[in-house]
Amino acid sequence: MNILLLGNGGRESALAWKIKQSNKVNDLYVAPGNAGTHLIANNINLSATDFPSIKEFVLNNSIDMVVVGPEEPLVKGIYDFFINDEEIKNIPVIGPSKLGAELEGSKDFAKQFMVRHNIPTAKYKSFTLSQLDDAYHFLEELEAPYVLKADGLAAGKGVLIINDIEEAKRELKEMLSGMFGDASKTVVIEEFLSGIECSVFVLTDGESYKILPVAKDYKRIGEGDTGLNTGGMGAVSPVSFADKSFMEKVEQRIVIPTIEGLKKDNITYKGFIFLGLIEVKGEPMVIEYNVRMGDPETEVVMLRIKSDFVSLLEGVATKNLKDKVLEIDDRYAVTVMLVSGGYPGSYEKDKEMTGLDQVHDSILFHAGTKLSENKVLTNGGRVIAISSYGKTKDDALSLSFKNADKILFDKKYYRKDIGFDLK
Ligand code: AMP
Ligand code: GLY
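Residues numbered from 1 in each chain as written. Chains lettered and ligands numbered in written order. Predicted model: local features only at pLDDT ≥ 70, side-chain atom pairs only at ≥ 80, totals over all residues. Heavy atoms only, no water.

Focus: the packing of aromatic side chains
- According to the stated counting rule, one finds twelve aromatic pairs in the structure shown.
- Centre to centre, the rings of Phe 127 and Phe 138 are 5.9 Å apart; their planes meet at 45°, and the pair counts as tilted. A residue pair is termed long-range when its members are at least 10 positions apart, and Phe 127 in strand β6 (residues 124–128) and Phe 138 in helix α8 (residues 132–141) qualify at eleven residues.
- Owing to a relative accessible area of 6%, Phe 127 belongs among the buried residues under this scheme.
- Take Phe 138: its relative accessible area is 5%, and that puts it in the buried class.
- Taking the centre distance of 6.3 Å and the plane angle of 15° together, the rings of Phe 272 and Phe 309 count as stacked. Here the residue Phe 272 occupies a position in strand β16 (residues 269–280), and Phe 309 occupies one in helix α12 (residues 309–317), the gap between them amounting to 37 residues.
- You can call Phe 272 buried: its relative accessible area is 3%.
- What makes Phe 309 buried here is its relative accessible area of 1%. (Phe/Tyr/Trp six-rings, centres within 6.5 Å; stacked < 30°, edge-to-face > 60°. Helix = DSSP H or I, 4+ residues; strand = E, 2+ residues; numbered from the N terminus. Buried < 20%, exposed > 50% of the residue type's maximum accessible area, 1.4 Å probe, protein only.)

Observations concerning helix α6 (residues 98–105)
- Within the sequence span of α6, burial applies to Gly 100, Ala 101, Leu 103, Glu 104 and Gly 105.
- On its buried face, α6 sits against α4 (71–75), β5 (93–96), α7 (107–116), α10 (244–264), β16 and β17 (283–290). (Contact = heavy atoms within 4.5 Å.)

Some remarks on the pattern of salt bridges
- On inspection of all chains with the given rule, the structure shows 33 salt bridges.
- With a closest N to O distance of 2.9 Å, Arg 292 and Glu 71 form a salt bridge. Of this pair, Arg 292 sits in the loop between β17 and α11 (298–304) while Glu 71 sits in helix α4, and the two are 221 residues apart along the sequence.
- On the basis of relative accessibility, which here comes to 13%, the residue Arg 292 falls in the buried class.
- Judged by its relative accessible area of 21%, Glu 71 falls in the partly exposed class. (Salt bridge = Lys/Arg side-chain N within 4 Å of Asp/Glu carboxyl O.)

Description of the packing of α6 against α7
- Two elements in contact, α6 and α7, have axes whose closest approach is 6 Å; the angle formed by their N-to-C orientations is 100°. The angle between the axes of α6 and α7 places the two elements in the roughly perpendicular class. Here Leu 99, Glu 102, Leu 103 and Gly 105 of α6 come into contact with α7, specifically with Lys 107, Phe 109, Ala 110 and Phe 113.
- Here the contact of α6 with α7 is built from residues that sort into five nonpolar, one polar and two charged. (Axes fitted to C-alpha atoms, helices over the stretch in contact; angles between N-to-C directions. Parallel < 35°, antiparallel > 145°, perpendicular 65-115°, else oblique. Nonpolar A, V, L, I, M, F, W, Y, C, P; charged D, E, K, R; others polar.)

Description of the site of ligand 1
- Taken together, 14 residues lie near ligand 1, and Glu 190, Glu 191, Leu 193, Glu 197 and Glu 288 sit nearest.
- Note that a nitrogen atom of ligand 1 is positioned 2.9 Å from one of the backbone N or O atoms of Glu 191.
- In this structure, Glu 288 approaches ligand 1 through a side-chain N or O atom, which is 2.9 Å from an oxygen atom.
- A total of 470 Å² of accessible area belongs to ligand 1 in isolation, and the protein chains cover 87% of it.
- At the level of elements, β7 (146–150), β8 (159–162) and β17 are the ones that each hand at least two residues to the shell around ligand 1.
- Taken together, the residues of the shell around ligand 1 break down into seven nonpolar, no polar and seven charged. (Near = heavy atom within 4 Å. Polar contact = N/O pair within 3.5 Å; in protein donor to acceptor, adjacent residues only side chain to side chain. Areas by Shrake-Rupley, 256 points an atom, 1.4 Å probe, with all protein chains shown as cover.)

What about the environment of Gly 231?
- Position of Gly 231 relative to the elements: it lies in the loop between β14 (226–229) and β15 (234–237).
- According to the relative accessible area criterion, Gly 231 is partly exposed, its value standing at 30%.
- The spatial distance from the C-alpha of Gly 231 to the C-alpha of Arg 220 is 8.4 Å, given a sequence separation of eleven residues.
- With sequence-adjacent residues up to four places away left out, Gly 231 is seen in contact with Asp 217, Asp 295, Pro 296, Tyr 343 and Arg 382.

As for the site of ligand 2
- Taken together, Asp 217, Gly 231, Phe 274, Arg 292, Gly 294, Asp 295, Pro 296 and Glu 297 make up the full set of residues adjacent to ligand 2.
- A distance of 2.7 Å separates a nitrogen atom of ligand 2 from a polar side-chain atom of Asp 217.
- The protein chains hide 87% of the 200 Å² of surface that ligand 2 would expose on its own.
- Looking at side-chain class alone, the shell around ligand 2 contains two nonpolar, two polar and four charged residues.

This is how it looks when you write it as structure tokens:
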């Protein structure tokens, strides 16, 4: 079969790597892709949100399945675009319907869903600017720190955690007045939860589900989890605290009620559900839903899936996922992200990368790279993920760190303490 994968990050590089391993695949196209996907697939110069051009490409190239990497096309309704078009309605899109994508597209929608289906999450209320006084009162009822979340998509920047109540009130007013444009016209105010986080990924055809390997990502720029939030500086899988008994609770209290809730609410969902979880005194609670795979978690999760991934995706498309087998690799997988100096603030691009051919015993997943006259140049904040296997977490990490030193570009930075907090 021929597959079109949408997106251009490290996540898509890892998805492309795994999809290519399937002997069911003839041609794999990535739109728009990056310098890494160029090595294993055909990059197509199309935006992942240009639906009419995607349709034309799909028809002209006999595409049998579309796999959606990032959230934006999903929130903009690519699933519905296909289903509602006679010419392409039989070509499966791996991802939720537009309504299902609201689990990520609207934090208020996600919170209402969790409350309706008894899924454990932080206490909350949502407000608009006309309810400012009520919002201030709600803040006063909570204890510091205060968690303010823009309702809509805000490129990962829409969550503020503030210690001082007066500052929280000021920021709240700014948010409601358009700090994040329309995304913060509604703000979710939430109780602060204290604990350690992990990411659980569920693949579902809307009826049954498979729980993919659990991962932990490292979001802060600085070692010891300090400094600004980034898209993710590295990841490990498995996660020591997410043991059998924890994962049993996740399945019973979160995964099953989520799948059942989608069914009860008549929400069409054939794709990935990303549960951003926090362990509070041994109990899992949901911090957020995303409707896609995580980045950089995908760069470790794909290493640990032994089964034919395309066969699993076919199970999603044809609603027979329950008949498919998901076999997991027992080894550890880790990834270390090399980033441009200055990221997540301003940084320079177009730095030549060398040493890529010196890397052994790790798998490189390009994130922000591009090709120019046969040179690989940096093209983003997160540049390349270095993923490795190991019998232990430390074995895997030492391979990734060894290779991190071999890849050179001006102002390269990476965290040397990925996995530091886990057994
Ligand atoms: P989100 O975009 O909802 O994932 O939030 C970004 C990050 O903010 C999360 O990964 C958490 O580290 C933190 N966060 C969000 N909500 C809460 C909460 N209720 N309590 C504590 N930390 C939170
Ligand atoms: N690594 C977190 C995310 O993909 O949102």
